[in-house]
Amino acid sequence: MNTTIDIQKASKNDFGKACTLLREANLPTRDLNPLLEHFFIAIEDNKMIAVMGMDKYGKNGLLRSAIVKTGHRGSGIASALLNQLHEYAKQQEVSTLYLITNTAEKYFEKRGFHKISRDKVPETVLQSKEFNGLCPSSSVIMTREL
């Protein structure tokens, strides 16, 4: 039996499940806005199997909390979430996305992101908790124009 995967805008009711999924992948949650205002989730059989979102800083967005549950990876779910987030970010007048990764550099390179040095990141984004201790200083920083 094939099941349908539904990509939808997250709501505050999804916060607990999103945090559980992120913690399982050792991704930070303590600075996550409980409203999940700029987040999308993937649902299969009424279960959250993926999450991805951004923190908005004016015309810049920090892509964060991107995870697809083990067993569902490689099936296009992350790409569907990323496409949805890109379209949403444009609607929110975000022109540039940034991200910090320890494990997904190759994935994001294939989707138009490129590595940059920390000194190329706008000050507003640098003020985020992601850049101030939640992510290791050895993490790769990437960006993409929308």
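Keep in mind the model is a prediction, meaning the values are calculated, not measured. Numbering of residues starts from 1 in every chain and runs along the sequence as written. Restriction of local features to residues with pLDDT of at least 70 applies here, the model being predicted, together with a cutoff of 80 or more for giving and counting side-chain atom pairs; totals for whole chains, interfaces and linings are based on all residues. Values shown for side chains rest on all heavy atoms present in the structure; no hydrogens or waters enter the calculation.

(A) Broad picture of the nonpolar core. For our purposes a nonpolar core is just a set of buried Ala, Val, Leu, Ile, Met, Phe, Trp, Tyr and Cys residues, chained together by side-chain atoms within 4.5 Å. Exposure is judged per residue with a 1.4 Å probe applied to protein chains only, and the accessible area is read against the type maximum: over 50% gives exposed, under 20% gives buried, and values in between give partly exposed. Met54, Leu63, Ile77, Leu85, Phe108 and Phe113 are the most contacted members of the largest nonpolar core, which totals 23 residues. Strands are runs of DSSP state E lasting at least 2 residues, helices are runs of H or I lasting at least 4, and numbering of each runs from the N terminus. Among the elements of the structure, strand E2 (39-44), strand E3 (47-57), strand E4 (60-68), helix H2 (77-91), strand E5 (96-101) and strand E7 (140-145) are those that each provide at least two residues to this core. When residues in this core are grouped by element, the largest group, seven residues, is from H2. Contact definition: two residues touch when any of their heavy atoms are within 4.5 Å. Other than its neighbours up to four places away in sequence, methionine 54 contacts His38, Phe39, Gly61, Leu62, Leu63, Arg64, Leu85, Tyr88, Ala89, Val94 and Leu97. Core analysis: the next-biggest nonpolar cluster, separate from the first, contains 13 residues, Cys19, Leu32, Val51 and Ile67 among them.

(B) Summary view of the pairing of E7. One requirement defines pairing of two strands: DSSP has to find at least two bridges between them. The pairing of E5 with E7 spans six bridges and is classified as antiparallel. Bridge pairing in E7 links threonine 96 to glutamate 145. Summarising the sheet, strand E6 (residues 114-116) and E7 pair through three bridges and their orientation is antiparallel. Across the sheet, residue histidine 114 finds its bridge partner in E7, namely threonine 143.

(C) Just H2, in detail. Helix span is expected to be 1.5 Å times the residue number reduced by one. Look at H2: 21 Å from first C-alpha to last across 15 residues, which is about the 21 Å you get at 1.5 Å a residue. Backbone geometry just after H2 places glutamate 93 at a positive phi near 65°.

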